[in-house]
Structures are given as structure tokens and as C-alpha cells.
Amino acid sequence: MTDTATQPVADTAATDTDEEAVYDVPADATAYRCSYCGRPFARESWLALHRGLAHPSELDDEEVEAFRAAHDEEEESLSTFRLQALGALVLIYFGFLMVYALV
Amino acid sequence: MTSGRRRTVALVVCGLGWLAATGTASAHGGSLAGGGRESLTIPTWLFLSTGGAAVGASFLLASFVTDRTFVERIHGWGRPLSGGFEGILRLAGQLVGLGGLAAVFVVGFLGPTNARTNLAILLVWVGWWAGLAMTTYLVGNSWATLNPFKTLAQLLPTLDRPYPDRVGSWPAVGGLLVLVWLEVVSPLADQPRLLASVVAGYTVLTIAGALVFGPDDWFAHADPVERVFRYYGRFAPIGRDEDGLRLRLPGMDLSTPRLVDGPDEVAFVVALLWVTTYDGLVTTPAWRDLTTPIVDAGVPPHLLYPVALAVGFAGFLGVYRLAVRLSRDMSETYLAPAVLAQRFAPPLVAIAVGYHFAHYLGYFLVLAPSLAVALTSPFADPAVVPTIELPEWFGAIALASVIIGHLVAIWVAHAAAYDLFPARLQAIRSQYPFIAVMVFYTMTSLWVVSQPEVALPHL
């Protein structure tokens, strides 16, 4: 690979030419395909998020609405995750603090 | 090691340890300096789990940054550097590179046979593999210009055969493994004549390759050294894009899509990490104990080392591919495994950089005065050469650099995941297998570091 081949690409996985190599959808799986670039997703909300992030200027009102809903839903699950991560950090910290005190 | 130094090391491990990984991977080429491994006052299991937990905790901390635009802004930050003198600098660099190569040949074959005073040994190990490699990731990749083999090849005609696409970068992967095997099993850092012969062999091979396929294709695909420096250079704050030189934040260019393109290039990055480990692993007592029965059973040691190198590499690659598969399952993505493997390989370069700096900064500083003396009088063979005595706190710098390497790797992988996946929680989940592997890798490296260093067994 050469340095010239590394220009940032807006969505790496969104080139139609090498679709076969880029995506790998199991035969029995449901895939929600992006109508703009054809990228498949396992969940509808991920497709909505993808449309908002990768094709923001091409969306119709319904898709914008779907992106907002998916985004709000994502925020909620993220705050749950943050709490869990914080809990894990506290456990690691105090766990090691105690172990170091004892050893 | 003095108790003061031990205390510093223990302090750093306790204080910073939980926040990030610690340890230094030992490497060869270090037979000139008394490359010391750290010995610790805390039990090994605690030392190892602290390092492992540190990597895990760094991941958790990185996962708190969920603002896409912030992540992109950090990676996109940069400004162009105007380069009016580039032509002159380029010529000067090429001349310096050629002069260095000539010095290695002349002094290597004709100079003093003492490794501590021979310019060829000092220039290759201290000046080039320690010093120049460090400037590559701290400043920018100057090897692209200095590379004397490329300069020579560009002066010669070429048959311009088309480089076979199918072969890709596999010759570079093989070349890296062969170079490290040579470095480990042969006294390349002790015998100037041998070193000069190996460099001569490498020169013939490289020029021949460039003659057949053209220097551009050969150095872009098949040359292992050029590729190591190119990846290290990706870590540097100064880089090159379409508009010329550009300033950016260290390590952030590793998240660029297509930096690693194809399974061959993934294999090269994994090989770069594996050889760092292999280098230290073969001088541990555990390696000696493990291989003694094998050698006693009649397996020739000269077969044992390359086989172990190849098997370990296959193991590392297998574990990485397994992590990619798991990551794909966890993030429930329909992206092909190859896409994930390519995007998550460049962060590993940051870890390799951290270990390289940790090991070679001290080595370089200790021997830099010897190199300076040898440069001014290449054929003299003084009885005493100056070296620098490193202060006690120096071990902390090595540990800190490993910490920073891991932090950058976790961050770059975080950014790459954000770029790949539309959902942020999906991006975080995709990292779980990689973090698990990284925790395991850190603990393995720390274990190697905490072992006493023994002479290479059976050879």
C-alpha cells in the first residue's frame, strides 16, 4: 500500500464496486439495506442511524424522524452503559487498592 | 538493580498501573548495553494482573467518549507544513543514507573487530535501529528519503516486470521474520564482519528485487524494512498527504481507512508485534526449560528457533483472526471479517512503538557517546569508549512509554470502531474481544519482562 491510497473515505464500507468483499450477510439473516449505498444492517435502528450519519443531506422527513428516534434510543442505552462502565472501574480501582494493601 | 530503582518501578506500577499497561519488552541488539530487565518487590501475579487491569480500565475510560464529532475532530486535526527546501533536503538525506551504508561496509569489513568501538555495529544498532527508528515515530518517517537501497535502485535501470498482485506484501512478512530470526540466533551485534556481510546480502537481494520489479513496487510491497518504518512513521506528528507535509496529533493517523489493506498487510502488523515478544521470550528461563527436553530428544536447535518463530506467528495471527470473528459476532455487523481485520490492525502499531521506545531509548542514550566517538575516528580502536550512566528514575520513562503506546492503541481502535459502525454501543461492543486479547498480551509481555534474562539456550 502506498501513502497516496489513504485519503479519508467518508464511509469506508460504502463502495459498491467491491460489495462482495466488504459485506458478508448470512443466507438466513434479515438485512436492512441502505437505499443510498446498499450497506446491510442487522437492525432497523442501525440503518436509521447510518442514514443520518453517512447521508445527512439526502434524507426525507420520515428518515430524519427515524434517525432522531434511533438517536434518542441510543443515548438512553449509552447512559446505562456508562453507569456499568463506571461501576466496573470503581470495582477495579478499589479491588486493586485492597489487594495492594494486603500484599 | 538498586533498591531505589526498584522502588521507582514499584511506585509507577502502583500509581499509574491501574490506569494503563506497564512493562517493557526486552529485545536483542541489546548485547552491547547491559539491557536490564526490571525486578520487582511485588508478587508476579499482582504485577501481571495490574498491567492487565490497566489496559481494561483504559478501554472503559475511552468508552466514555461517545461524541462522534469530538472523536473525528481529534483525528482530523492538522495543518500543512510548507516545504520550500524539500528538494535540497531530499538530496542531502539521500547522500547521508548512502554515506551511512558505505561506512557500514568499509568499517564493517576493515575496521576494528571490537563491537564496542566498531562504527558499523554502532551505526546499525544504535544509530539506525534505535535512534533513527525513534525519530521515525517521534518526528516523521525520514527513512523514506534516507533509504540508501532505494537511492541506489533508482539510479539503476529496471526490467519493470509487473509486480504480482497475488503475492502482495507476503514477501515483507517473510522478510521481517527472517531478519528477526537472524538477529536472534546470530551474533549480529557482536561481529562487525558478520554484520557487514548480512547487510551486503540484504543489499544484493533488495537491489535485485528492485531491478526486476522496479523500485516503486518493490519498496511499496516487498521490502520489510521500508514497511516497518512506514508504519512507525504513521505514528509520527509529521506526515505526508496529497498536499505535502502535514502536522497532526501523534498516533491519530493510524485510524485512517485503508492504511492496512489486505490480509497480507494485517499479517505484517501482527508479525511486527509478535517479533517484539519473540525477541524477549527466547531469553527467559521458561523457554530454556521448555525446550531442553525437545533438544535432548534430538531436535536440532537450529531448527527449533525458526519453527518456534513461525508457529508463534501463526498463533498470534490465529488469535487476532479469532478476535475479529468474535468482534463481528458481538457487534452483529454484516461487514466482512476482512474489513474489520484491516481497520483494527493499525492500532497494534502504537503498541509496537511503545515497546520499541521503552527498550531502545535507554540503549540509545547509553551508547550515543560511543557512536559519536566512532563517527569522528572510525578506524581507531580506543580501549575505553564513553557511555552515559542512566539515572535511577529512568525505568519510569520506559514504563510510561508502554502505557502511552497502549492508551493510543485503545483510542485509535475506539475511533476506528466509531467510523465503522453507526451505533455507538455497537462500536464499543466490537472492541471487547480485542481488549481481552490486549489484556492477555500485556500480561504476557509483563511476564517476559519480569523474568530474569538468560543466555540464548542451546546455541
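Residues numbered from 1 in each chain as written. Chains lettered and ligands numbered in written order. Predicted model: local features only at pLDDT ≥ 70, side-chain atom pairs only at ≥ 80, totals over all residues. Heavy atoms only, no water.

Draft legend 1. Highlighting the overall build of chain A. Within chain A one finds 3 helices and 2 strands. Traced from its N-terminal end to its C-terminal end, chain A shows the element sequence α-β-β-α-α. Sorting the 103 residues of chain A into buried and exposed places 32% on the buried side. Within chain A, counting contacts between residues at least 6 apart in sequence, those at least 24 apart form 16% of the total. Carbon and sulfur atoms form 57% of the exposed surface of chain A, whose accessible area is close to 6300 Å². (Helix = DSSP H or I, 4+ residues; strand = E, 2+ residues; numbered from the N terminus. Buried < 20%, exposed > 50% of the residue type's maximum accessible area, 1.4 Å probe, protein only. Contact = heavy atoms within 4.5 Å. Areas by Shrake-Rupley, 256 points an atom, 1.4 Å probe, with all protein chains shown as cover.)

Draft legend 2. Examining the nonpolar core more closely. Of all hydrophobic cores here, the largest spans 141 residues; its most connected members are Trp125, Tyr232, Tyr278, Phe313, Tyr320 and Phe344 of chain B. Tallying contributions element by element places helix α16 (residues 346-376) of chain B first for this core, with 16 residues. In contact with Tyr232 of chain B, not counting residues within four places along its chain, are Trp129, Ala133, Thr136, Tyr137, Leu272, Val349, Ala352, Val353 and His356 of chain B. Of all hydrophobic cores here, the second largest spans 9 residues; its members include Cys37, Trp46 and Leu49 of chain A together with Ala423 of chain B. (Core = buried A, V, L, I, M, F, W, Y, C linked by side-chain atoms within 4.5 Å.)

Draft legend 3. Representation of a nonpolar patch on the surface in the model. Residues and elements named next belong to chain A. Together, Leu86, Val90, Tyr93, Phe94, Leu97 and Met98 line one region of the surface with nonpolar side chains, adding up to about 560 Å² of accessible area. Along the polypeptide, Met98 turns up in helix α3 (residues 61-102). Among the residues examined, Met98 registers a relative accessible area of 55% and is labelled exposed. (Patch = residues over 30% accessible without salt bridge, like charges linked within 9 Å, V, L, I, M, F, W, Y side chains within 5 Å. Salt bridge = Lys/Arg side-chain N within 4 Å of Asp/Glu carboxyl O.)

Draft legend 4. Representation of the UniProt feature "domain: C2H2-type" (unreviewed entry) in chain A within the structure. Under the present numbering, the feature "domain: C2H2-type" (unreviewed entry) in UniProt falls on residues 32-60 of chain A. A distance of 17 Å separates the end C-alpha atoms of residues 32-60 of chain A, which is 38% helix and 14% strand. (UniProt positions renumbered as here; feature names shortened; annotations may be inferred.)

Draft legend 5. Spatial organisation of the environment of Val124 of chain B. Residue and element names in this part refer to chain B. When you line up the elements, Val124 lands in helix α5 (residues 119-138). For the pair Val124 and Ala189, spaced 65 residues apart in the sequence, the C-alpha separation amounts to 8.8 Å. Ignoring any residue separated from it by four or fewer positions in sequence, one finds Val124 in contact with Val104, Trp129 and Leu195.

Draft legend 6. How the structure looks around the pairing of strand β3 (residues 244-248) of chain B. Residues and elements named next belong to chain B. Taken together, the 3 bridges between strand β1 (residues 78-80) and β3 define a ladder with antiparallel strand orientation. Considered in β3, the bridge of Pro80 is made with Arg246. By the bridge criterion, 4 bridges tie strand β2 (residues 238-241) to β3 in an arrangement that is antiparallel. Among the inter-strand pairings, Ile238 is bridged to a residue of β3, identified as Leu247. (Pairing = 2+ DSSP bridges.)

Draft legend 7. Spotlight on the pattern of salt bridges. Applying the stated criterion to the full structure yields 11 salt bridges over all chains. Note that Glu63 of chain A and Arg51 of chain A form a salt bridge whose closest N and O atoms lie 3.9 Å from each other. Separated by 12 residues along the polypeptide, Glu63 of chain A in helix α3 and Arg51 of chain A in helix α2 (residues 44-54) bring together distant segments of the chain. Each member of the pair, Glu63 of chain A as well as Arg51 of chain A, is classed as buried. Put simply, Asp253 of chain B and Arg248 of chain B hold a salt bridge, and the shortest N to O gap is 2.8 Å. Residue classification places Asp253 of chain B among the buried residues on the basis of a relative accessible area of 14%. Each of Glu74 and Glu75 of chain A together with Arg424 of chain B takes part in one network of salt bridges that share partners.

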